[in-house]
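The chain contents come next:
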Amino acid sequence: MKTFGLLAGMGALVWLVVFAAMTYMGKSSAMIVPVAVGFALISVWGSYYFSDSLVITMTGAKIIERDENPELFNLVEEVCIASGLKLPKVAIVQDSAPNAFATGRNPEHALIAFTTRILEVMDRDELQGVIAHEMSHVANRDTLVSAVAATTAGAIAILSDMLTRMMIFGGMGDRDDRENNQNPIAIVVSLLVLILAPIAALLLKSAISRKRESLADATAIAFTRNPAGLRKALEVLQADSTVVRQKSNAVAHIWIESPLDGKSVSKLFSTHPPLEERIAILRNMEANPLN
Amino acid sequence: MKSTLIIVAVIALLAIWFIASYNKLIRLNISADESFAQIEVQLKRRADLIPNLVETVKGYASHEKTTLDAVISARAKATSATGVADVAAADGQLTTALRGLLAVAESYPDLKASANFLSLQEELSTTENKVAFARQFYNDTIRSLNQAVKTFPSGLFAGVAKVSARAFYEIENAADRNVPNVKF
């Protein structure tokens with residue numbers, strides 16, 4: 001439900017930007033709002049609808065059949081029975097860093113992928129925890145949640161960009177409207193809003209992503225009732241310093257361990273909660289199984 | 001005019017609420033059936049693995065007759081059981097017998113190293129997990145079903161929907177059963 005609050009925050013931000021634009025440029029600038037939202041909708045929802053096939057191209061994942069890795073399929077089937085979800089497509093990414101991700105617009109089009117390395121370094125229980133975490137993203141429809149977040153953040157970015165350009169070139173601004181509205185404080189404030197909004201949108205988007213990661217950890221334990229498995233898996237990821245060779249930052253948020261952690265400016269901008277924090281929560285669950 | 005509209009609206013809302021509660025009960029009942037079927041599928045898979053396992057172990061440890069016989073008879077009971085309580089009891093016995101067999105296998109290095117045994121062991125442990133998860137899923141479903149049947153107001157429709165509270169799938173705890181009788 002906190003995710004809902006954050007998404008509402010995103011909506012409020014869009015509204016604030018529109019308001020600022022209207023104060024600064026006059027009412028006629030409102031017409032660019034549908035354009036920006038439209039652009040963001042088309043780009044993000046295209047990638048949401050085709051998320052499974054798109055992510056495969058972006059990460060170089062290869063879909064495998066049961067007989068290519070029966071042991072992995074056994075584990076995936078176990079988690080499917082525990083969660084009541086359909087068997088997803090399973091894919092392998094050739095990579096020397098241990099990692100995994102899930103995608104797909106709904107449980108019927110779900111895909112979960114593992115790097116070759118994670119299959120080598122993790123034992124049965126640890127992999128089961130990782131699979132449960134990924135299947136939780138499927139069960140919680142996190143591809144949809146992040147698509148909504150990306151749409152609003154994208155719309156804000158496009159909007160601020162267009163408006164800043166308009167200010168510089170002063171072209172489309174409606175002279176009459178503008179001269180009627182010369183309160184200098186309002187103009188300074190709206191300018192600030194336009195500049196800061198994309199950063200605020202990015203912060204909100206990251207916060208949503210972090211919330212969904214914590215939620216996926218919790219849901220995973222509801223499926224397997226085995227916090228130790230996922231906890232050990234996260235410890236393996238923590239001990240390993242290699243990161244996946246990313247072809248694109250656009251898909252950074254989908255991995256179980258963020259490939260961008262090291263580069264992140266601060267916790268506020270990272271897409272995942274710190275591993276230590278996630279491990280501590282799971283340890284606490286092990287100690288108090290009734291909570 | 002206005003009061004007629006209000007009455008129509010109230011009736012419509014009541015109808016929607018009735019349909020939603022009724023459908024919820026039916027849905028829960030169906031998923032209880034489905035999740036019990038899933039338990040049975042996994043139990044069948046496990047039963048199918050056992051003859052092969054017994055043959056493999058016999059090849060290396062033919063004199064472990066009591067352990068092998070325990071597995072065979074537990075399997076026979078498990079395949080003929082019907083109804084939630086019987087299936088659950090037979091499942092519990094077979095699980096205990098299989099654990100005994102795998103413990104025995106530990107003392108035969110040749111058996112443990114054989115490729116056939118290794119693949120059987122993987123199949124058996126995944127099926128064991130699947131049985132456990134199917135059980136867990138079934139019991140969770142039964143919990144929501146029983147809650148819906150026994151609480152107000154959803155329980156009002158249990159009779160109309162012909163849905164009633166159902167039994168949990170409880171396997172006897174092997175450790176509890178083996179508690180010896182204490183005599184003074």
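Structural data are supplied above this passage.
Residues numbered from 1 in each chain as written. Chains lettered and ligands numbered in written order. Predicted model: local features only at pLDDT ≥ 70, side-chain atom pairs only at ≥ 80, totals over all residues.

A. Structural context of the nonpolar core. Residues and elements named next belong to chain A. Core analysis: the biggest nonpolar cluster contains 75 residues, and Val79, Ala100, Ile112, Ala113, Val130, Ile131 and Met135 have the highest contact counts within it. Residue contacts for Ala113: discarding those within four places in its chain leaves Thr59, Ala61, Ala91, Ile92, Val93, Ala100 and Phe101. Within the second largest apolar cluster, 27 residues are counted, among which are Leu6, Val18, Ala150 and Leu163. (Core = buried A, V, L, I, M, F, W, Y, C linked by C-beta atoms within 7 Å. Buried ≥ 20, exposed ≤ 12 C-beta atoms within 10 Å, placed from the backbone. Contact = placed C-beta atoms within 7 Å.)

B. Focus on the interface of chain A and chain B. Counting residues at the interface gives eight residues for chain A and nine residues for chain B. Each residue belonging to the side of chain A that touches chain B can be placed in one class, and the counts come to two nonpolar, two polar and four charged. (Nonpolar A, V, L, I, M, F, W, Y, C, P; charged D, E, K, R; others polar.)

C. Geometry of the sheet that holds strand β2 (residues 89-93) of chain A. All names here are of chain A. Pairing is mixed in the open sheet, where four strands are placed in the order β1-β2-β4-β3. Lying at the two open borders of the sheet, with one neighbouring strand each, are β1 (62-64) and β3 (100-103). For this sheet, the mean inter-axis angle between neighbouring strands, taken without regard to orientation, is 30°. Pairing between β2 and strand β4 (residues 111-115): five bridges, direction parallel. Pairing of Val90 across the sheet is with Ile112, part of β4. (Pairing = 2+ DSSP bridges. Helix = DSSP H or I, 4+ residues; strand = E, 2+ residues; numbered from the N terminus. Axes fitted to C-alpha atoms, helices over the stretch in contact; angles between N-to-C directions.)

D. Region of interest: unusual backbone geometry. Between B:Phe152 and B:Pro153 the backbone carries a cis peptide bond, its omega angle lying at 5°. For B:Pro153, the position within the fold is in the loop between α5 (115-150) and α6 (158-161). Unlike most non-glycine residues, A:Arg225 shows phi in positive territory, near 55°. Overall, the presence of 15 C-beta atoms within 10 Å leaves A:Arg225 in the partly exposed class. Positive phi, close to 55°, is recorded for B:Lys162, a residue that is not glycine. Along the chain, B:Lys162 turns up in the loop between α6 and α7 (174-177).

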